[in-house]
Amino acid sequence: MAEAVHQAFDPLSTGSRAKQIRSKTIVYGLLTFFALLYMSPLFIIFINAYRPLEEIVREGFISAPNTMSWSYWGEAWSTFCIGGNCEGVSRYFVNTLLMTVPATVLSTAFGLVNGYALSKWRFKYDAWVFGLITLGVFLPAQMTLLPWAFVLGKLGVSNTIGGLVLVHTIQGISFTTLFCRNYFVAVPDDLIKAARIDGAGFWRIFWRIMLPLSPPILIVCVIWQFTGIWNEFLYGTVFTSGSNQPITSAIVAFSGSGTGERHYNVEAASVIFAALPPLLVYVFGGKYFVRGLTSGAVK
Amino acid sequence: MTKRSLGSRLAEKTPQLVLIPTLVAAFMYVVVFSLWTLWISVSQSTLLPNMAYGGFGEYAALWQSKRWVVSYQNLFVFGALYVVGSLFIGSLLAILIDQRVRFESVWRTIFLYPLAISFIVTGTVWRWIFHPQTGVERALNDLGWISANFDWITDRDMALYVVIFTGIWHASGFAMALILAGLRSVDGDLVKAAQIDGASMPRIYRKVILPTIWPIFIAVTVVLLQFAIKTYDLVVALTQGGPGVATTVPAIVVYDLMFQRGQIAQGAAAAVMILVALAMVIVPYVLWTNWQAKKEGQRHG
């Protein structure tokens, strides 16, 4: 069907020669304009991570570089002082990594099993259970800040990465369960029925049938969770402080700290360190992400 | 013998058993935490929690504070323009890409990448670009256009539009991806019929294709409105709510009340108001989708 649309619908190579050229100019012109607009922040920040500070202060961010140096990357990574801590962003980068990876793995694993149980092993009130879990998707973080602060304190994990892993895992399960349940609903029930007649139990069906079918939704969950948790700011700021903060909080502290001159070039390099991991995940997995998202994860 | 039957009974219950940890966590998180915050909002808490009942005074105080009223108004302006702008740009980009352009995946990646970047990074970079001393105005001045003036970010009346622009930059790729998927699912015969009737391309999109994928527009609208209501980090990194209170949003007020000013009851009241705003979007949507599903079910018997 999609093919039919595209055969009937190809204005760039139908009509007269002049008309073709005109529509091509409009389409590619607009696309280029928007592409430049979308890419410009990325260009600007990369260039300024190489420029000396005096030059940035003198000419602003949007200017061709005269002299360039690699040294700001090293400074940003390992020696620059943020809030009295002179280890650069490396420490905060590692904090975020130690928070994001376990929370992503845990919430995705729970989501897969939950989604499978809710879609293929119907029981009384299963819709209520699903509804309760997915309400977590909508609940604004502000409603949970004070209770979480209390609970984390009671558990003895205030101001630790472990505490943030807990918060992100529990919040993330709502998303992953929603994604996986909606995806697994489309798996034919006959497949499960046949396996059960053959004597396969809950876990055997999960490992042998559902898991091999799940890569598309697995990728959606991993990308969603990884980018979401890596980029999260509010929980990190509220529940941790000082050298235990994630990198997003460190970037904001960077802007606020520093008496006297702002080290824009080091800041630009730090910002790239903060942006790079989710960006790489996206560039390499984005295609599957969109495919999974549009194939029914979002409903 | 009894042991085996216990085992098999447990095996039968496996689906429910595996859900128990999640169910307990979700119940804690969704129900207990919400009621807890709701109770704090009507308690006598100030800097520290004091769970004695204190009435609805904090709600009244909240709505009398100018800062909160401005932040709630900002939410409406920001939410409306952010959603409309993202849908418009998203549709435009989706339609352009739908013209069988070359390097489709390259264009798509370029328009979608902002979504992968945190609001903190987004806000930091755009702050540099919008700030008159470091950004566009400076560059134009240095190019010789001395009178060039572009200081929206420090202008009380215009700063909110900087936030809106940046928000659209971040979200329009998401709208594009979903709308593009929608365009590709439209029945080809419909388009052919319109073409035979002699309709022009822009007209076919406006009158035939886009109207048939309206459910996608509604879904994207709901998701984006949610983002808008929860907006916090973008504003923190971009304008910190300023100049003055010009770009303050409710989430910033909540943070300040709870963790800067030690008025946790009023902070909780503000958090509840965010939940109310969210419910005004989500509840009608859920009711509507259920109604649609029911209608669909009846039609197919």
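Procedures and definitions
Residues numbered from 1 in each chain as written. Chains lettered and ligands numbered in written order. Predicted model: local features only at pLDDT ≥ 70, side-chain atom pairs only at ≥ 80, totals over all residues. Heavy atoms only, no water. UniProt positions renumbered as here; feature names shortened; annotations may be inferred. Axes fitted to C-alpha atoms, helices over the stretch in contact; angles between N-to-C directions. Helix = DSSP H or I, 4+ residues; strand = E, 2+ residues; numbered from the N terminus. Parallel < 35°, antiparallel > 145°, perpendicular 65-115°, else oblique. Contact = heavy atoms within 4.5 Å. Nonpolar A, V, L, I, M, F, W, Y, C, P; charged D, E, K, R; others polar. Disulfide = S-S within 2.5 Å. Buried < 20%, exposed > 50% of the residue type's maximum accessible area, 1.4 Å probe, protein only. Expected span 1.5 Å × (residues − 1). pLDDT = per-residue confidence, 0-100. Domains from an automatic or database assignment. Buried area = accessible area lost by both parts, 1.4 Å probe. Salt bridge = Lys/Arg side-chain N within 4 Å of Asp/Glu carboxyl O. Polar contact = N/O pair within 3.5 Å; in protein donor to acceptor, adjacent residues only side chain to side chain.

- As annotated in an unreviewed UniProt entry, chain B is Carbohydrate ABC transporter membrane protein 1 (CUT1 family) from Litoreibacter meonggei.
- What the UniProt record of chain B gives under Sequence similarities (unreviewed entry) is the line "Belongs to the binding-protein-dependent transport system permease family."
- Turning to chain B, the UniProt record has this under Subcellular location (unreviewed entry): "Cell membrane".

- Within an unreviewed UniProt entry, the label attached to chain A reads Carbohydrate ABC transporter membrane protein 2 (CUT1 family), and the organism entered is Litoreibacter meonggei.
- The UniProt entry for chain A carries the following text under Sequence similarities (unreviewed entry): "Belongs to the binding-protein-dependent transport system permease family."
- The annotation that UniProt attaches to chain A under Subcellular location (unreviewed entry) is "Cell membrane".

### Focus: the packing of helix H7 (residues 145-155) of chain A against helix H2 (residues 14-41) of chain B
Then comes step 1: Between H7 of chain A and H2 of chain B, the least distance of the axes is 8 Å, while the angle of their chain directions is 110°. Considering the angle they form, H7 of chain A stands roughly perpendicular to H2 of chain B. Residues Leu-146, Pro-147, Trp-148, Phe-150 and Val-151 of chain A of H7 of chain A form the contact with H2 of chain B, whose own contacting residues are Met-28, Tyr-29, Phe-33, Trp-36, Thr-37 and Ile-40 of chain B.
Then comes step 2: Of the residues in the contact of H7 of chain A with H2 of chain B, the class split is 10 nonpolar, one polar and no charged.

### A closer look at the state of the cysteines
Residues and elements named next belong to chain A.
Then comes step 1: Throughout the structure, instances matching the rule amount to zero disulfides over all chains.
Then comes step 2: Here Cys-180 stays free of any disulfide, with the sulfur of Cys-221 as its closest cysteine sulfur at 3.7 Å.
Then comes step 3: On the basis of relative accessibility, which here comes to 0%, the residue Cys-180 falls in the buried class.
Then comes step 4: Owing to a relative accessible area of 0%, Cys-221 belongs among the buried residues under this scheme.

### Some thoughts on helix H6 (residues 119-130) of chain B
Residue and element names in this part refer to chain B.
Then comes step 1: In this model H6 runs 16 Å from its N-terminal to its C-terminal C-alpha over 12 residues, within 8% of the 16 Å that 1.5 Å per residue would give.
Then comes step 2: Counted residue by residue, H6 has 11 buried out of 12 residues, so it is predominantly covered.
Then comes step 3: Where H6 is concerned, the buried positions are Ile-120, Val-121, Thr-122, Gly-123, Thr-124, Val-125, Trp-126, Arg-127, Trp-128, Ile-129 and Phe-130.

### Observations regarding the confidence of the model for chain A
Keep in mind that low pLDDT regions are not for reading the predicted coordinates in detail.
Then comes step 1: In the predicted model, chain A carries a mean pLDDT of 87, and 91% of its residues have values of at least 70.
Then comes step 2: Confidence over residues 1-8 of chain A falls short of pLDDT 50; this stretch has 12 contacts with residues more than four positions distant or in other chains.

### What about the domain arrangement of chain A?
Residues and elements named next belong to chain A.
Then comes step 1: Per the domain assignment, the segments making up chain A are domain 1 (2-79) and domain 2 (90-297).
Then comes step 2: On a C-alpha basis, the centres of domain 1 and domain 2 stand 31 Å from each other.
Then comes step 3: At the interface, 16 residues of domain 1 touch 15 residues of domain 2.
Then comes step 4: Here domain 1 and domain 2 share an interface that buries about 1400 Å² over both sides, 82% of which is from carbon and sulfur atoms.
Then comes step 5: Joining domain 1 to domain 2, the criterion identifies zero salt bridges.
Then comes step 6: Viewed at the interface, domain 2 and domain 1 are joined by two residue pairs in polar contact (both at pLDDT 80 or more).
Then comes step 7: Among the secondary structure elements, those contributing two or more residues to the side of domain 1 that touches domain 2 are helix H2 (17-48), helix H3 (53-59) and helix H4 (71-79).
Then comes step 8: When residues of the side of domain 1 that touches domain 2 are assigned to their parent elements, the largest contribution, six residues, is made by H4.
Then comes step 9: Residues belonging to the side of domain 1 that touches domain 2 are distributed by class as follows: 12 nonpolar, two polar and two charged.

### Side note on the interface of chain A and chain B
Accessible area lost on assembly of the parts is the figure often given for the size of an interface.
Then comes step 1: Each side of the interface is counted separately: chain A has 85 residues, and chain B has 95 residues.
Then comes step 2: For the pair chain A and chain B, the summed buried area comes to about 8200 Å², and 79% of that belongs to carbon and sulfur atoms.
Then comes step 3: Put simply, Glu-267 of chain A and Arg-127 of chain B hold a salt bridge, and the shortest N to O gap is 3.9 Å.
Then comes step 4: With 15 residues, the top contributor of residues to the side of chain A that touches chain B is H2 of chain A.

### Overview of the environment of Phe-111 of chain B
Then comes step 1: Tracing the backbone shows Phe-111 of chain B in helix H5 (residues 104-112).
Then comes step 2: Phe-111 of chain B gets classed as buried once you look at its relative accessible area, which sits at 1%.
Then comes step 3: Other than its neighbours up to four places away in sequence, Phe-111 of chain B contacts Leu-31, Phe-34, Ala-35 and Tyr-38 of chain A together with Leu-93, Ile-97, Gly-173 and Met-176 of chain B.

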